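If you want the building blocks of each chain, they are given just below.
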Amino acid sequence: MLIYRLLLTALSPLFALLMLRQLLRGRERLSDLAERFGTDLSARPTSRAPMLWVHGASNGELTGARALIEEALRRAPDLEILVTTNTVTARKMVGDWALPRVTVRLAPFDLRPVLRRFIRATQPAALVSIENEIWPNRFALLARNAIPVIVAGARMSDRTAQRWEKMVPIFGGVIRPTIAAITRLAAQDTASEQRLLQLGLPPAALLPKMNLKSTVDIDIAPLKNADPIAAQFDRVTTVLAASTHPGEERPVLEAFHSLRQTHPHARLILAPRHPARADTIATELTRAGFAFARRSKGDALGDAPVYLADSLGEMPLWYGLAGISFIGGSLINLGGHTPFEPAQCGTAILHGPFVSNHLSAYRALDTAGAALEITDASSLAEAMRSLMNEPARATAMAEAAHAALAPLRGAAAQQEAFWAALADVPKLKALS
């Protein structure tokens, strides 16, 4: 742990510069920085109801955790929940849920003085950390204060595991104690489970597997009815590129240009994983010769063939407007994003070869003929053209995807081991 603390100290000037850049660009305010340092906190009365701390990195993780949060509120009527996140956009999203007895704030920096202040002020009964949010100082200090650390839907890709294994000879004194500080852990899949065991997770800490993204229920009808932009898209001729990353937009645009040669009325909704990249993508669209409208600027769509959906928390709407969807993070080696959401929304699924983050789900889709794998701009163009020529086939694929993933979808009733682990905490017995 000493090496980790020394490294954080050495990098603190860089962190300060990054924070300054966020402030100067207007992406964060001084009050946000105060939240990250915990300087705005006052001690919580010990007489208050028990507090459960739930942490998720950003929008995707906390969207997946929403059902968990709502179930905890239902089980324990006097429970208070503190949600923390790494991004201001996710903080706004959780705030907009307006759930009773839930407060949300930016997560504390992983610095010991900051964390001591945060833990003293909030007095959490336990931490539920979502997916791959594993923080050495946070976990160590919680363990030292006898506060359980429970990881829900833990995910560790092969790429991340290899990187961690290479770090063990140098940072073994950080990695293994951090993993060992985890009280209980429900992995997303068997592969993640095994990788975490190899890194030092005690076998007794394992809970039954849990994929939080598979539990999200989506009703797209109200979303489409509430947004006037929906009427401007013909689902049969609309393609979505969902959660794209650098290196994916260019082949998507090349494929779309090819598609427009045979389907001139086709439209593309381009929804990058990180909307902060929108200006860069807008420049690329201009260079490629595409007229486009931007969601963040409230642009009218008009005759523009491309809609740059540079917003957060609206992916279900985009899936609902597109008959065909390419799932990003899969054409480059990032492991691919969840197929559960598009399958629920009834869109035909296209994906690249890199799907290790949801391997069992994509295998089920491919085996059932419920998704198509593409490898480059040419194969993407051909897949889009083929499905647009045969809309009944696209519909059949979407229906098959829903059926193929149904056995993998988790439900609250199947997560009793997780609730039992939380109910082992004396202050949280009401969650049983």
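These remarks concern the structure in this document. Just so it is clear, the model here is predicted, and its values are computed rather than measured. (Residues numbered from 1 in each chain as written. Predicted model: local features only at pLDDT ≥ 70, side-chain atom pairs only at ≥ 80, totals over all residues. Heavy atoms only, no water.)

Our focus in this paragraph is the sheet that holds strand β9 (residues 267–272). Here we have seven strands laid out as an open sheet, ordered β10-β11-β9-β8-β12-β13-β14, and parallel in their pairing. Each edge of the sheet is formed by a strand with only one pairing partner; in this case those strands are β10 (292–294) and β14 (371–373). Taken pair by pair, the neighbouring strands of this sheet meet at an average axis angle of 20°, ignoring direction. Where helix α10 (residues 249–262) meets the sheet, it contacts β8 (238–244), β9, β11 (306–308) and β12 (324–327), and its direction lies at approximately 175° from that of β9. (Pairing = 2+ DSSP bridges. Helix = DSSP H or I, 4+ residues; strand = E, 2+ residues; numbered from the N terminus. Axes fitted to C-alpha atoms, helices over the stretch in contact; angles between N-to-C directions. Contact = heavy atoms within 4.5 Å.)

A few words now on helix α16 (residues 391–405). For α16, spanning 15 residues, the distance from its first C-alpha to its last is 21 Å, which sits close to the expected 21 Å at 1.5 Å a residue. All buried positions along α16 are accounted for by Ala394, Met397, Ala398, Ala401, Ala404 and Leu405. Within α16, the buried residues cover an arc of 130° as seen down the axis, which keeps them to one side. For α16, exposure combined with an orientation more than 90 degrees from the buried face picks out Ala392, Glu399 and Ala403. The secondary structure elements touched by the buried residues of α16 are α13 (340–345), β13 (348–351), α14 (359–367), β14 and α15 (377–389). (Expected span 1.5 Å × (residues − 1). Buried < 20%, exposed > 50% of the residue type's maximum accessible area, 1.4 Å probe, protein only. Arc of directions from axis to C-beta.)

Now for the side chain of Ser311. Residue position: Ser311 is located in the loop between β11 and α12 (315–321). One polar contact links Ser311 to Glu314, side chain to side chain, over a distance of 2.6 Å. Those residues within four positions of Ser311 in sequence are excluded, and the remaining contacts are Pro275, Arg295 and Trp318. (Polar contact = N/O pair within 3.5 Å; in protein donor to acceptor, adjacent residues only side chain to side chain.)

Once that is clear, we can look at the sheet that holds strand β4 (residues 126–130). The strand order across the open sheet built from seven strands is β3-β2-β1-β4-β5-β6-β7, with neighbouring strands paired in parallel fashion. With partners counted over all chains shown, the strands left at the sheet margins are β3 (102–106) and β7 (206–207), one partner each. On top of the sheet, helix α3 (residues 59–75) reaches β1 (51–56), β2 (80–85), β3, β4 and β5 (149–154); it is set at about 170° to β2, its chief contact. Helix α5 (residues 112–122) contacts β1, β2 and β3 of the sheet and is inclined by roughly 160° relative to β2.

All told, the structure shown has 18 salt bridges when counted by the stated rule. Residue Arg74 pairs with Glu71 through a salt bridge whose shortest N-O separation is 2.8 Å. Of this pair, Arg74 and Glu71 both sit in helix α3, three residues apart, which is roughly one turn of the helix. Its relative accessible area of 12% is what places Glu71 among the buried residues. (Salt bridge = Lys/Arg side-chain N within 4 Å of Asp/Glu carboxyl O.)

Throughout the structure, instances matching the rule amount to six aromatic pairs. Centre to centre, the rings of Tyr307 and Trp318 are 5.8 Å apart; their planes meet at 70°, and the pair counts as edge-to-face. Remark: Trp318 occurs in helix α12 and Tyr307 occurs in strand β11; sequence separation between them is 11 residues. Taking relative accessible area as the criterion, Tyr307 reaches 3% and is therefore assigned buried. (Phe/Tyr/Trp six-rings, centres within 6.5 Å; stacked < 30°, edge-to-face > 60°.)

Attention shifts here to the pairing of β13. By the alternation rule, side chains of β13 split into Ala348 and Leu350 and Ile349 and His351, which are all buried. Alignment of β12 against β13, held across four bridges, turns out to be parallel. Following the sheet pairing, Ile324 is matched in β13 by Ala348. Inspection of the sheet shows β13 paired to β14 by three bridges, in the parallel sense. Opposite Ile349, over in β14, you have Ala371 as the bridge partner. Traced from β13 through α14 to β14, the parallel crossover comes out right-handed. (Right-handed = clockwise from strand over helix to strand, strands pointing away.)

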